[in-house]
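# Understanding the architecture of this molecule
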Amino acid sequence: MDPRKIQLPREIHTGPGVIEDTGRICSDLRFEGRVMVVTGPRTLKIAGETAIESLQDAGFEVDQVTVGDATMASVAQVQDGLNGTSLVLGVGGGKVIDVAKMAATLEGVHFISVPTAASHDGIASPRASIRNGEGTASLEASSPIGVIADTEVIRKAPFRLLASGCADIISNYTAIMDWKLAHRLLNERYSESAAALSLMTAKMIIKSADAIKEGLEESARLAVKSLISSGIVISIAGSSRPASGSEHKFSHALDMVAPEPALHGEQCGVGTIMMMHLHGGDWRFIRDALARINAPTTAAELGIDPEYIIEALTVAHTIRKERYTILGDRGLTREAAERLAKITEVI
Ligand SMILES: NC(=O)C1=CN([C@@H]2O[C@H](COP(=O)(O)OP(=O)(O)OC[C@H]3O[C@@H](n4cnc5c(N)ncnc54)[C@H](OP(=O)(O)O)[C@@H]3O)[C@@H](O)[C@H]2O)C=CC1
Ligand SMILES: O=C(CO)COP(=O)(O)O
Ligand SMILES: [Zn+2]
């Protein structure tokens, strides 16, 4: 990524019912002709069909693809369907948005992000997290040209998704500590402004933790705006560094080793508790903040066997090796991993 260039969304629409304006918003952005809507199996009914109807009413010809996993195979599936398409819209959770964003980037087509849940900070980011044989790669992508975040759709989504998004933001705490460490040890490029904004976003979520409640439009709005802000930080930094450190490596490792992983943000939240302990910081503060928003803080709450937590801790350092973190180059021994998970009451 070119460090001299910052790419940001041009328009951000948030509020109850904005998804019904999808067609008009795309016309106002001067798009016309054929567009592609990418959704997931559930989100097609929840929001995809409304977006498609709005686009058709505005005179667009609409193609639609449903994807499951965030893999290069799904990206290729979307690319195959792009034929004279002027715009790709990703209507769904983080995986759908990443697949649609990556396919649009590879084909040189604009992309609009239409999140159906406040579950991840990829909503407005210029990265796509795509799984490959070795885990998850954070790929360079174009920033969405627009975001259409309907807080009524997001309010009605399972609360677990919103709590997961808040945990993804809280993980900025240890991501920043890891980034600073890599800057000090390896002279890695570091942006004070990106780090400050990332931390401020995480602090804001923790400050509002008691106001984040199930079914409230206000909670959906607060979470989605914070996630957009965290995504913009990723744009400023030119990498996901300010929002992804050792706690994300732990989550990516769990995705590989656990037979049934939990949600991305949930795993990152639990990882943040443990990585904060490794950094010698106030891990109880992180744990209590997560508990206040009803995000998981233990293996049992993640629904993951303690054995996989230990295994993920021992292999986390092997993921994205170029990203130096508190896990170092050698990672944790099994004994150290078990002790860490026990001390922090994760297992
Ligand atoms: N690019 C970036 O910068 C970032 C990317 N990520 C990535 O994002 C992904 C995590 O996103 P996340 O959203 O947690 O996971 P998913 O995209 O897997 O979504 C989780 C589930 O929630 C469902 N869902 C979404 N919206 C609703 C709704 N309104 N009502 C009911 N169900 C709904 C999805 O349905 P369906 O089955 O239809 O999809 C899916 O089954 C990870 O792959 C992570 O790596 C995370 C942070 C940053
Ligand atoms: O999840 C992210 C930020 O929250 C981005 O993560 P990765 O760069 O680790 O894929
Ligand atoms: Zn994340």
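Residues numbered from 1 in each chain as written. Chains lettered and ligands numbered in written order. Predicted model: local features only at pLDDT ≥ 70, side-chain atom pairs only at ≥ 80, totals over all residues. Heavy atoms only, no water.

### Focus: the packing of aromatic side chains
For the record, the criterion: Aromatic rings from Phe, Tyr and Trp, with only the six-membered ring used for Trp, were paired whenever their centres fell within 6.5 Å, and each pair was classed as stacked if the ring planes differed by under 30 degrees, edge-to-face if by over 60, and tilted otherwise. Numbered from the N terminus, helices here are DSSP runs of H or I no shorter than four residues, and strands are runs of E no shorter than two.
Within the structure shown, the criterion is met by two aromatic pairs. Plain terms: the ring middles of Y173 and F285 are 6.0 Å apart, the flat faces sit at 70° to each other, and that makes the pair edge-to-face. With Y173 in helix α7 (residues 172-186) and F285 in helix α12 (residues 283-292), this residue pair connects regions lying 112 residues apart in the sequence.

### Regarding the UniProt feature "binding site: substrate" (unreviewed entry) in the chain
The criterion, for reference: UniProt positions are given in the numbering used here, feature names are shortened, and annotations may be inferred rather than shown by experiment. Method remark: on a 1 Å grid restricted to protein atoms, a set of points is classed as a cavity if a 1.4 Å probe fits but cannot get out and as a pocket if it is open with protein on both sides within 12 Å along at least five of seven lines; lining residues have an atom within 4 Å of a point. Think of it in three bands: residues with accessible area under 20% of the maximum for their type are buried, residues over 50% are exposed, and the middle band is partly exposed, with areas taken using a 1.4 Å probe on protein chains only. When checking whether two residues touch, look at their non-hydrogen atoms; a contact exists if any pair is within 4.5 Å.
Under the present numbering, the feature "binding site: substrate" (unreviewed entry) in UniProt falls on D121, D168 and H252. The subset of these annotated residues that lines the second largest cavity comprises H252. Looking at the secondary structure, you find D121 in the loop between β5 (110-115) and β6 (127-132). On the basis of relative accessible area, D121 is assigned to the buried category, the value being 7%. For D121, the contacting residues outside a window of four places in its chain are D168, N172, L227, S230, G231, I234 and A243. Within the fold, H252 resides in helix α10 (residues 246-257). Ignoring any residue separated from it by four or fewer positions in sequence, one finds H252 in contact with T136, H264, I319 and R320.

### A few points about the UniProt feature "binding site: NAD(+)" (unreviewed entry) in the chain
In the numbering used here, UniProt assigns the feature "binding site: NAD(+)" (unreviewed entry) to G94, K95, V96, I97, D98, T116, A117, A118, S119 and S125. Structurally, A117 is set in the loop between β5 and β6. Exposure remark for A117: the relative accessible area of 3% places this residue in the buried category. If we skip the residues at most four places from it in the chain, A117 touches G92, I123, I154, A157 and L161.

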